[in-house]
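Residue-level structural notes
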6 protein chains.
Amino acid sequence: MKRTILGITAHADDHVMFAGTVMKLQKRGYQYCELVMTTSGEGRDFRDSKATNKTEKIAKYRKSELSAALKVLKCTNLYELHQEDQDLQYSKELMHQVMRIIRLEKPEIVFTMNTFDVHPDHCATAHIAREAIRWAAKNFRSEYGAPHRVTMPLYAEGTVPVDPHVLVDITDYYDVKEKLFKVYTSQATPRDLDLLKSTSLIRGYHLRKQEGVHAEAFTVEKNSLPILFE
Amino acid sequence: MKRTILGITAHADDHVMFAGTVMKLQKRGYQYCELVMTTSGEGRDFRDSKATNKTEKIAKYRKSELSAALKVLKCTNLYELHQEDQDLQYSKELMHQVMRIIRLEKPEIVFTMNTFDVHPDHCATAHIAREAIRWAAKNFRSEYGAPHRVTMPLYAEGTVPVDPHVLVDITDYYDVKEKLFKVYTSQATPRDLDLLKSTSLIRGYHLRKQEGVHAEAFTVEKNSLPILFE
Amino acid sequence: MKRTILGITAHADDHVMFAGTVMKLQKRGYQYCELVMTTSGEGRDFRDSKATNKTEKIAKYRKSELSAALKVLKCTNLYELHQEDQDLQYSKELMHQVMRIIRLEKPEIVFTMNTFDVHPDHCATAHIAREAIRWAAKNFRSEYGAPHRVTMPLYAEGTVPVDPHVLVDITDYYDVKEKLFKVYTSQATPRDLDLLKSTSLIRGYHLRKQEGVHAEAFTVEKNSLPILFE
Amino acid sequence: MKRTILGITAHADDHVMFAGTVMKLQKRGYQYCELVMTTSGEGRDFRDSKATNKTEKIAKYRKSELSAALKVLKCTNLYELHQEDQDLQYSKELMHQVMRIIRLEKPEIVFTMNTFDVHPDHCATAHIAREAIRWAAKNFRSEYGAPHRVTMPLYAEGTVPVDPHVLVDITDYYDVKEKLFKVYTSQATPRDLDLLKSTSLIRGYHLRKQEGVHAEAFTVEKNSLPILFE
Amino acid sequence: MKRTILGITAHADDHVMFAGTVMKLQKRGYQYCELVMTTSGEGRDFRDSKATNKTEKIAKYRKSELSAALKVLKCTNLYELHQEDQDLQYSKELMHQVMRIIRLEKPEIVFTMNTFDVHPDHCATAHIAREAIRWAAKNFRSEYGAPHRVTMPLYAEGTVPVDPHVLVDITDYYDVKEKLFKVYTSQATPRDLDLLKSTSLIRGYHLRKQEGVHAEAFTVEKNSLPILFE
Amino acid sequence: MKRTILGITAHADDHVMFAGTVMKLQKRGYQYCELVMTTSGEGRDFRDSKATNKTEKIAKYRKSELSAALKVLKCTNLYELHQEDQDLQYSKELMHQVMRIIRLEKPEIVFTMNTFDVHPDHCATAHIAREAIRWAAKNFRSEYGAPHRVTMPLYAEGTVPVDPHVLVDITDYYDVKEKLFKVYTSQATPRDLDLLKSTSLIRGYHLRKQEGVHAEAFTVEKNSLPILFE
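Because the structure is predicted, anything quoted here is derived from the model rather than measured.

Attention shifts here to the sheet that holds strand E6 (residues 166–169) of chain B. Backbone hydrogen bonds are what pair the strands of a sheet, in a parallel or an antiparallel way. All names here are of chain B. With respect to topology, seven strands assemble into an open sheet ordered E3-E2-E1-E4-E5-E7-E6, the strand pairing being mixed. Looking along the sheet, the strands with just one partner apiece sit at the ends: strand E3 (75–83) and E6. On average, each strand axis in the sheet is tilted by 25 degrees relative to the strand beside it, whichever way the strands run. In this sheet, strand E7 (residues 215–219) lies alongside E6 in antiparallel orientation, the contact comprising four bridges.

Okay, here's the thing in structure tokens:
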């Protein structure tokens, strides 16, 4: 059986944060599927001129960007929960939905957003994912599938530096990561590209390797810690 | 070339904290070597009646326990820095000595003590190891060997629960871990054995697996974070 | 007048966390009453085979366990707020209800859950209790009773180790505590019993007494700190 | 046997921080003894005109203030370690000295400085005391006396507000506390008296009682937590 | 164009926390406007005997106090969001309303409540303000006005000491600050006045100046940090 | 009288961290002087081929780089404490030396290293500077000069992202900052330049301005907080 990675994100382009690691693992035979919480209707910092400022049009435009991007990222399954952008709130019901998808896809690795982020939807996504990952592993609600323990739940660094717990060397995948972000013409302004590259170079520096230059940084959450050496 | 684990500890019996993980990795072909910072002359909480309360005799007795234990743990190389027990302090000189041993042994994984521990020698050991691991990776002091980046520096939980960042399932190795501790007749009182087992069971619970019951917990330090998926 | 302890918990079996201390204080003449926030319909980690997986049946089954347990714990008054299990949220209304019960029972000591727990209902219970304890002490809403300052609000350690602020030696009461937990046949799997005992032994170790072996650990919250030496 | 309180301070006037609680407990039959780490030769923020700026003269002057103050505080035993003011450093030797005094006096309660203070000597005192309290309780170095567990080690708030863990109502003792501070004519400038009173009023407010107006605040350290309900 | 300060508060009298700094800046030509989130219907700790305990009457009474106080504070514009007192919750809609007022008033400096406060409405106000300040600066929702970056968003200390990041010397304005608070006859009990003065004196002490005696303390939030030396 | 900035650094090139802000303030009439703690004999991560690996030669080479750089930075006074590189330790004596220089130069603003850095000398420099800044403001040791309160003590971000408290927009000065760093041919490898630029771009992003692209980030220390609006 193929080993699976599940990305749990708030908005269309959020997977860029951990895309380098996804591509590195795909090389080793993992497949990637994704769960997006919102409609992405509010846009991010900088809107491309092609987008209008109407929420619905933004949502539609960003949905098409997402489709294009997921081809680049070779996503095998897309789940969407269609929550309102900028208004994502933790609820038992949403958490159960995410839990069911985890039990269905049985991912070995989950990448999601960071609870220390400044975007409220990112924090809410991390919160929902964190709870769903824990409950998915328990003898509970068997009608939603058999218990499944995600071995590696990792929370990706966003636009604000976190105090990371692990690094992944993505030097060989950085160019494709940047290319992936450029698919998001509504989001990838020069400033955003600077941020993407700078974050990756700083974490590359922290690899403290002679040759590695680009890295992605992740934190962990106590609810379900990564299990090493399985 | 054999892949190497280096344990950096304060006292003779400290390796018990991470011994389960060492044995798990030895099964996969890693070899284990160890660096002990002090003479272990002060003893730990509870002294066995066979030991006297003279510092030198304790040191001698514990040295013999260490030798016996290192056979159980199949240690290939022992380094000793002979610092005074309960008086370990960070110094540039000690840190350089540890750095040189790291560059010599080139370990992929280092296990050491925790900076949040309540024993001052444990904290000092973690401090020295943390600095040495970072400097060992840099283009610096080539007379002490070529730069070497430890991929996985992990800081083991001691007698006080930490907020861990990663877990290792040691269910299959717990019995040997306990047996190893019992070699330390001067230390392994019933109360200490209770602590050993309880810590391991609580972390086993946190594995949140259906079958795993014993685990070891580790924290990381920002100086040189673990690099995943190498 | 009898001095009163109030337990504020999320689910039927949560009082086990602090039951040792309750029994110790009952010996000194305190009486115990309890407030349970939810219906306990979702079950906990491991369900006993006697329970079904239907939420209502679980709730009913656990209610009967609670009744049996409260007899063991000699509870003089039970308050239930019947909130949905796994969906407890802070609200002004719930907080006012708890505040009114505090003003009615006038407890000197309150034991409740911990805000650092991984179960969302436990965190919500701690949140509601913490606010209610503070507001109960103020000159506010006299229609809900006269102001009452709880002298000792203590937040009990759950399934994840906290950084505790105070310990209570329960060596003489541990056996009854374990017996109490075993009343919960739907919850007390071998693994849960291991967790109960291990937590108690680790905190017993932290007593750092020659003879104490079992302890319960508590944290405090800045909203209304414990007042010593009254 | 009389129950004993031990104060462990850096400088002559530091006991004022917790003097209200000492006097409250003396009313209940406790006796008070004190251990001062330094010679107090550097003075504190504001020197009285009667003092010169020569270190030795300051030390002598402050020593006489201390003697007068300890009469007010009814101190039964004074220990002095004569360390250089503003240069106190943790050392194994100093820690052992403090440990021996703890084993000799067998205090039930220890009051000392706070590790979060801004004065380096206060932090060093807290560090030394914290370690000494832990080691004093262990089966270790029986030549320094039998193990003794301090039941209540409490770390007093200094000139910077801490996040306290417990409060003590000293409303009935505040006036004597202020009088005690005024014995220190070299230190008690109007500004310092303002600080003393303000700190006490703010913590009095946090008592959240109808009638209490003055309080002292304390933190705890994980090395040896306070044990409640002994 | 006049430079503007915007105060964002939960209740009628909350602006007293930062009023000293407002008055200091008004002397330099800034104008002050204010946004109050709730109806203030629940009262604060201690109600004046002139107030009844009916929520509506309290709200009305406090509204009249607010009007009088805003004259003292020379407020040029008052915005009210009429949320229920003690029940303020973050929502996208409320945050958008605050964001629009920020874009309309274009304040250089914003003073608001503290996220570490013990009053839930204060925390919610800080939360809403923090988000609104960040989103106001972004290229987003141009229908709500042009992007505006608040240069100095500062979060005022409340009834619990915070770990502040900056201080402001208000020695010359303290008397007026106290006078302003006394306008709130329903709130300004002797105890509250003690708290006001004590907080201001402690922070004055932390100025560590020879002559300053009163200060206000503020924290910052990572979402939009203060920009110095503009 | 000219307003003064004092830089307190560990090594020759450390001033680059805050050089953009220095240059911005020099435009407004501030003068800059500097205090360097060590001989810089150990080099930093990456040594230029022109440097040998002998400590003395490195120290000499770096000293000449420093001289050249200080011309670019228009430094009016250089103080050197000649401590051994990689071995800087806090001591009362060193702290008093720094205190005396502060009282002599009377800086309004001090820039120094960060206590959260991973380089031990940077942490020690921050520690010494933090204490010296506090003591310099007190009525203490008048033989070392009159008390002087640094209004703005700011701790610069190093090679590891901190949680900053304030930002400074250095967009107009970034090019000169980079040019300054390139004077350090022994240190400014491509990787280090990447780090410099990336850090500056990320903090520029956090300015959340429409036009600013480069920024420097600073933290504060509670010992002597920045005073705003003087």
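Moving on, there is more to tell.
Now for the pairing of strand E2 (residues 31–38) of chain F. The side chains of a regular strand alternate, first on one face of the sheet and then on the other. Residues and elements named next belong to chain F. Counted residue by residue, E2 has seven buried out of eight residues, so it is predominantly covered. Handedness of the β-α-β unit built from strand E1 (residues 4–9), helix H1 (residues 19–26) and E2 comes out right-handed. Bridge count for E2 against strand E3 (residues 75–83) is six bridges, and the pairing is parallel. Its bridge partner being in E3, Tyr-32 is matched across the sheet by Cys-75.

Quick look at the interface of chain A and chain B now. If you look at the interface, chain A gives 33 residues, while chain B gives 33 residues. In this assembly, chain A packs against chain B so that about 2,900 Å² is buried in total across both faces, 58% of it on carbon and sulfur atoms. A salt bridge links Glu230(B) to Lys209(A), with the shortest nitrogen-to-oxygen separation between them at 2.8 Å. Between the two partners, chain A and chain B, sit 19 residue pairs in polar contact (both at pLDDT 80 or more). Secondary structure elements with two or more residues in the side of chain A that touches chain B: helix H1 (19–26), strand E4 (109–112), strand E5 (152–156), strand E6 (166–169) and helix H6 (190–207) of chain A. With four residues, the top contributor of residues to the side of chain A that touches chain B is E6(A). Here the residues of the side of chain A that touches chain B sort into 18 nonpolar, seven polar and eight charged.

Turning to the sheet that holds strand E7 (residues 215–219) of chain F, a few remarks are in order. Residues and elements named next belong to chain F. Sheet architecture is open: seven strands sit in the order E3-E2-E1-E4-E5-E7-E6, paired in mixed fashion. Of all the strands in the sheet, just E3 and strand E6 (166–169) have a single pairing partner and so form its edges. On average, each strand axis in the sheet is tilted by 25 degrees relative to the strand beside it, whichever way the strands run.

Attention now goes to the relation of the copies chain F and chain A. Each of the two chain copies goes to the other by way of a rotation about an axis and a shift along it. Overlaying chain F on chain A yields an RMSD of 0.0 Å, the required transformation being a rotation through 180 degrees with an accompanying axial translation of 0.0 Å. Expressed as an axis order, the relation between the two copies is that of a two-fold axis. Distance from the rotation axis, computed per C-alpha, reaches its smallest value in chain F at Ser198(F): 2.1 Å.

Moving on, we come to the interface of chain F and chain A. The interface is formed by 26 residues belonging to chain F together with 26 residues belonging to chain A. A buried area of about 2,000 Å², summed over both sides, lies between chain F and chain A, and 55% of it is on carbon and sulfur atoms. Linking chain F with chain A are zero salt bridges. Between the two partners, chain F and chain A, sit 10 residue pairs in polar contact (both at pLDDT 80 or more). The residue makeup of the side of chain F that touches chain A, split by class, is nine nonpolar, seven polar and 10 charged.

Now for the pattern of salt bridges. Pairing between side chains of opposite charge can happen when the charged atoms of each approach one another. What the rule picks out here adds up to 90 salt bridges over all chains. Note that Lys63(B) is salt-bridged to Glu80(B), the shortest N-O span being 2.7 Å. Of this pair, Lys63(B) sits in helix H2 (residues 55–72) while Glu80(B) sits in strand E3, and the two are 17 residues apart along the sequence. With its nearest N and O atoms 3.3 Å apart, the salt bridge here joins Arg130(B) to Glu221(B). With Arg130(B) in helix H4 (residues 120–136) and Glu221(B) in the segment after E7, this residue pair connects regions lying 91 residues apart in the sequence. Residues joined in a network through salt bridges with shared partners are Glu42(A), Glu84(A), Lys92(E), Arg141(E) and Glu143(E).

Our next topic: the arrangement of the chains. With no contact between them, chain B and chain E keep their nearest C-alpha atoms 20 Å apart. No part of chain C reaches chain F; the closest C-alpha pair between them is 20 Å apart.

With that out of the way, let us pick up the packing of aromatic side chains. Throughout the structure, instances matching the rule amount to 18 aromatic pairs over all chains. Measuring from centroid to centroid gives 5.0 Å for Trp135(A) and Phe140(A), while their planes differ by 50 degrees, and the two rings are tilted. Judged by centre distance (5.3 Å) and plane angle (20 degrees), the rings of Phe18(E) and Phe111(E) are stacked. In this pair, Phe18(E) sits in the loop between strand E1 (4–9) and helix H1 (19–26) while Phe111(E) sits in strand E4 (residues 109–112), placing the two residues 93 residues apart along the sequence. According to the relative accessible area criterion, Phe18(E) is buried, its value standing at 0%. A relative accessible area of 0% places Phe111(E) in the buried class.

Note: most residues except glycine have negative phi, and most peptide bonds are trans. Residue and element names in this part refer to chain A. With a phi angle near 50 degrees, Lys-106 is a residue other than glycine that sits in the positive phi range. In this structure, Lys-106 sits in the loop between helix H3 (92–105) and E4. Overall, Lys-106 belongs to the partly exposed group, its relative accessible area being 37%.

This next bit is on the relation of the copies chain A and chain B. By a simple turn and slide, chain A fits onto chain B: the slide is 0.0 Å along the axis, the RMSD is 0.0 Å, and the turn is 180 degrees. With an isologous cut-off of 70% or more, the 97% of interface residues of chain A that recur at the interface of chain B puts this contact in the isologous class.

For the rest of this paragraph, the subject is the environment of Ala10(A). All names here are of chain A. Mapping Ala-10 onto the fold places it in the loop between strand E1 (4–9) and H1. For Ala-10, a relative accessible area of 0% corresponds to the buried category. When the C-alpha atoms of Ala-10 and Lys-27 are compared, they prove to be 26 Å apart, with 17 residues separating the residues in sequence. Excluding residues within four positions of it along the chain, Ala-10 makes contact with Val-36, Met-37, Thr-38, Met-113, Asp-121, His-122 and Thr-125.

A few words now on the state of the cysteines. Applying the stated criterion to the full structure yields zero disulfides over all chains. The thiol sulfur of Cys123(C) is not disulfide-bonded, and the nearest other cysteine sulfur, from Cys123(E), lies at 16 Å.

This paragraph deals with the confidence of the model for chain A. Residue and element names in this part refer to chain A. Taken as a whole, chain A shows an average pLDDT of 93; of its residues, 95% reach a score of 70 or greater. Across residues 45–51, where pLDDT falls below 50, the model places 23 contacts with residues more than four positions away in sequence or in other chains. Listed scores for the predicted complex are pTM 0.95 and ipTM 0.94.

All names here are of chain B. Of the two faces of strand E4 (residues 109–112), both are covered, the one formed by Ile-109 and Phe-111 as well as the one formed by Val-110 and Thr-112. Relative to E4, strand E1 (residues 4–9) runs parallel, the two sharing four bridges. Following the sheet pairing, Ile-8 is matched in E4 by Thr-112. Strand direction decides the pairing type here: E4 and strand E5 (residues 152–156), joined by four bridges, are parallel. Bridge pairing in E5 places Ile-109 opposite Met-152.

So, about the packing of H3(A) against helix H4 (residues 120–136) of chain A. All names here are of chain A. One can describe the packing of H3 onto H4 by two numbers: an axis separation of 8 Å at closest approach and a directional angle of 55 degrees. With respect to their mutual orientation, H3 and H4 come out oblique. Along this stretch, H3 crosses H4, giving a crossing that reads as right-handed. On the side of H3, the interface is formed by Leu-94, Met-95, Val-98, Met-99, Ile-102 and Arg-103, while H4 contributes Ile-128, Glu-131, Ala-132, Ile-133, Trp-135 and Ala-136. Here the residues of the contact of H3 with H4 sort into 10 nonpolar, no polar and two charged.

Analysis parameters
Residues numbered from 1 in each chain as written. Chains lettered and ligands numbered in written order. Predicted model: local features only at pLDDT ≥ 70, side-chain atom pairs only at ≥ 80, totals over all residues. Heavy atoms only, no water. Pairing = 2+ DSSP bridges. Helix = DSSP H or I, 4+ residues; strand = E, 2+ residues; numbered from the N terminus. Axes fitted to C-alpha atoms, helices over the stretch in contact; angles between N-to-C directions. Buried < 20%, exposed > 50% of the residue type's maximum accessible area, 1.4 Å probe, protein only. Right-handed = clockwise from strand over helix to strand, strands pointing away. Contact = heavy atoms within 4.5 Å. Buried area = accessible area lost by both parts, 1.4 Å probe. Salt bridge = Lys/Arg side-chain N within 4 Å of Asp/Glu carboxyl O. Polar contact = N/O pair within 3.5 Å; in protein donor to acceptor, adjacent residues only side chain to side chain. Nonpolar A, V, L, I, M, F, W, Y, C, P; charged D, E, K, R; others polar. Least-squares fit on C-alpha atoms with pLDDT ≥ 70 in both. Phe/Tyr/Trp six-rings, centres within 6.5 Å; stacked < 30°, edge-to-face > 60°. Disulfide = S-S within 2.5 Å. pLDDT = per-residue confidence, 0-100. Parallel < 35°, antiparallel > 145°, perpendicular 65-115°, else oblique. Left-handed = near helix turned anticlockwise from the far one by under 90°.

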